[in-house]
Amino acid sequence: MKERLLQLKQEILDNLGKAKDLSVLRNLETKYLGRKGELTKILRGISSMAGEEKKNIGKLANEIKTELRNKFEQVERSLSGSADKAGFLDVTLPGKKIKQGHLHPITIIQNELEDLFTSMGFMVLDGPELESDYYNFEALNIPGNHPARDMQDTFYVAPGPSPAGAGEWRSDMVMRTHTSPVQIRAMRKYGAPLRCVVPGRVFRCEATDACHDTTFDQLEGFMIDKNISISNLISVLKEMLSGIFKQEVKIRVRPGYFPFVEPGLEVDVNCTICDGKGCPSCKHSGWLEMIGAGMIHPNVLKYGGIDSKEYSGFAFGLGLTRLAMMKYGIDDIRLFNSGDLKFLEQF
Ligand code: DAH
């Protein structure tokens, strides 16, 4: 008898597990627990048993019945909940987990830099990625026939048929090769004094390899006021680097040529990957070229409508992508725009 009871219990539980809707559940209830149900019949039979057996089997049968009743109720609740018929909402159930994305490493470092510079009173500006030849080169003291144009090979956007209603179709548009054109835009819009940073995407016609990509990110910075000097530049750069690397970072300043600054400087950062000992990332020199900088050329101030006799300023351009590579120890620039989740999910 005991066997029969346990077997029946298992059979009922199995069927309950398979019940997909309330009508199946009702049928099961009638079949097993109803007036003429199989379990009910067994329970009735107990009264004709004798002595010890009656006591033991009776106890077991009642336990099984209670357990099954509870189970039936539980299944009923979940079935009517999913069909939303009973209108029952169990607010204590854990919610569905929503898979959350996260920021791209470049965005993370850009946000950090923006916070750092706004805390020093800099505005954060934006500029067009499709830029005129004039802003990208001409107004930055790089005339059309100047050999300095070769330093930044770019994508010229070919003239095409004039789209209806577009007015004059400009044939001198380029994908901007640097964020420097925003210097001129800002000077014209806000005048002096001025403190700005411009994070943004730039483009070059490059053969790609681990260190070069056609699309990467820069951060431009400039400050124009009375009596601005190279000391101001160096202290701002040091502040920026120690803020990003959370430690004192050694820098090295060399003369460099950029047509829009005079004097021009190259600022190298002590390689944090090898601590200056030399490694493949720094081409075994211990230093990474990361920042171009200098005092803004008087011609550039003039293009921006600022009187160079009254005001002076510094400017710098930083490879945001390179900074991210250094900060996170990434050895291939192409990973940033690859969309490779194995890479991105590490941040
Ligand atoms: N625009 C330069 C480049 O992309 C970087 C640069 C150099 C920016 C010197 C500056 C600067 O503002 O002063 O190579």
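Read on for an overview of the structure.

Definitions and cut-offs
Residues numbered from 1 in each chain as written. Predicted model: local features only at pLDDT ≥ 70, side-chain atom pairs only at ≥ 80, totals over all residues. Heavy atoms only, no water. Pairing = 2+ DSSP bridges. Helix = DSSP H or I, 4+ residues; strand = E, 2+ residues; numbered from the N terminus. Contact = heavy atoms within 4.5 Å. Axes fitted to C-alpha atoms, helices over the stretch in contact; angles between N-to-C directions. Buried < 20%, exposed > 50% of the residue type's maximum accessible area, 1.4 Å probe, protein only. Polar contact = N/O pair within 3.5 Å; in protein donor to acceptor, adjacent residues only side chain to side chain. Near = heavy atom within 4 Å. Areas by Shrake-Rupley, 256 points an atom, 1.4 Å probe, with all protein chains shown as cover. Nonpolar A, V, L, I, M, F, W, Y, C, P; charged D, E, K, R; others polar.

For the rest of this paragraph, the subject is the sheet that holds strand S9 (residues 287-296). Ordered by their spatial adjacency, seven strands build an open sheet running S1-S5-S6-S10-S9-S8-S7, and the pairing between neighbours is mixed. Looking at which strands have only one partner, the edges of the open sheet turn out to be strand S1 (123-124) and strand S7 (251-255). Pairing of S9 with strand S10 (residues 312-319), which is carried by five bridges, proceeds in the antiparallel orientation. Within the sheet, the bridge partner assigned to Ala293 lies in S10 and is Phe316. Each of strand S6 (215-225), strand S8 (261-270), S9 and S10 touches helix H10 (residues 320-328); the most contacted strand, S10, lies at about 55 degrees to it.

Another point: the environment of Asp209. Relative to the elements of secondary structure, Asp209 occurs in the loop between strand S5 (194-203) and S6. Exposure remark for Asp209: the relative accessible area of 32% places this residue in the partly exposed category. For the pair Asp209 and Asp332, spaced 123 residues apart in the sequence, the C-alpha separation amounts to 7.9 Å. Among all residues touching Asp209, those that are not within four sequence positions of it are Asp332, Ile333 and Arg334. A distance of 2.8 Å separates a polar side-chain atom of Asp209 from the backbone nitrogen of Cys211. At 2.9 Å, the side chain of Asp209 and the backbone nitrogen of His212 are in polar contact.

The ligand sits among 16 residues. The nearest are His178, Ser180, Arg204, Gln218 and Glu220. Arg204 is positioned such that a nitrogen or oxygen atom in its side chain is 2.9 Å from an oxygen atom of the ligand. For the ligand, whose free accessible area comes to 350 Å², the fraction covered by protein is 92%. Mapped by element, the contributors of at least two residues to the shell around the ligand are S6, S9 and S10. Broken down by class, the residue content of the shell around the ligand amounts to six nonpolar, eight polar and two charged.

So, about the environment of Gly313. Within the secondary structure, Gly313 is located in strand S10. A residue is classified by how much of its surface remains accessible, and Gly313, at 1% relative accessible area, is buried. The residues contacting Gly313, other than those within four sequence positions of it, are Met223, Ile224, Ile228, Gly294, Met295 and Ile296.

Here we come to the pairing of S6. Among the 11 residues of S6, 10 are classified as buried, and the element is accordingly described as predominantly covered. Judged from the 10 bridges that link them, S5 and S6 form a sheet pairing that is antiparallel. Paired with Val198 across the two strands is Glu220, which belongs to S6. The pairing of S6 with S10 spans eight bridges and is classified as antiparallel. Residue pairing in the sheet places Met223 in a bridge with Phe314 of S10.

The strand order across the open sheet built from three strands is S2-S4-S3, with neighbouring strands paired in antiparallel fashion. Each edge of the open sheet is held by one strand with a lone partner, namely strand S2 (130-132) and strand S3 (156-157). Pairing analysis gives two bridges linking S3 to strand S4 (residues 173-175), with the strands arranged antiparallel. Residue pairing across strands places Val157 opposite Met173, the latter belonging to S4.

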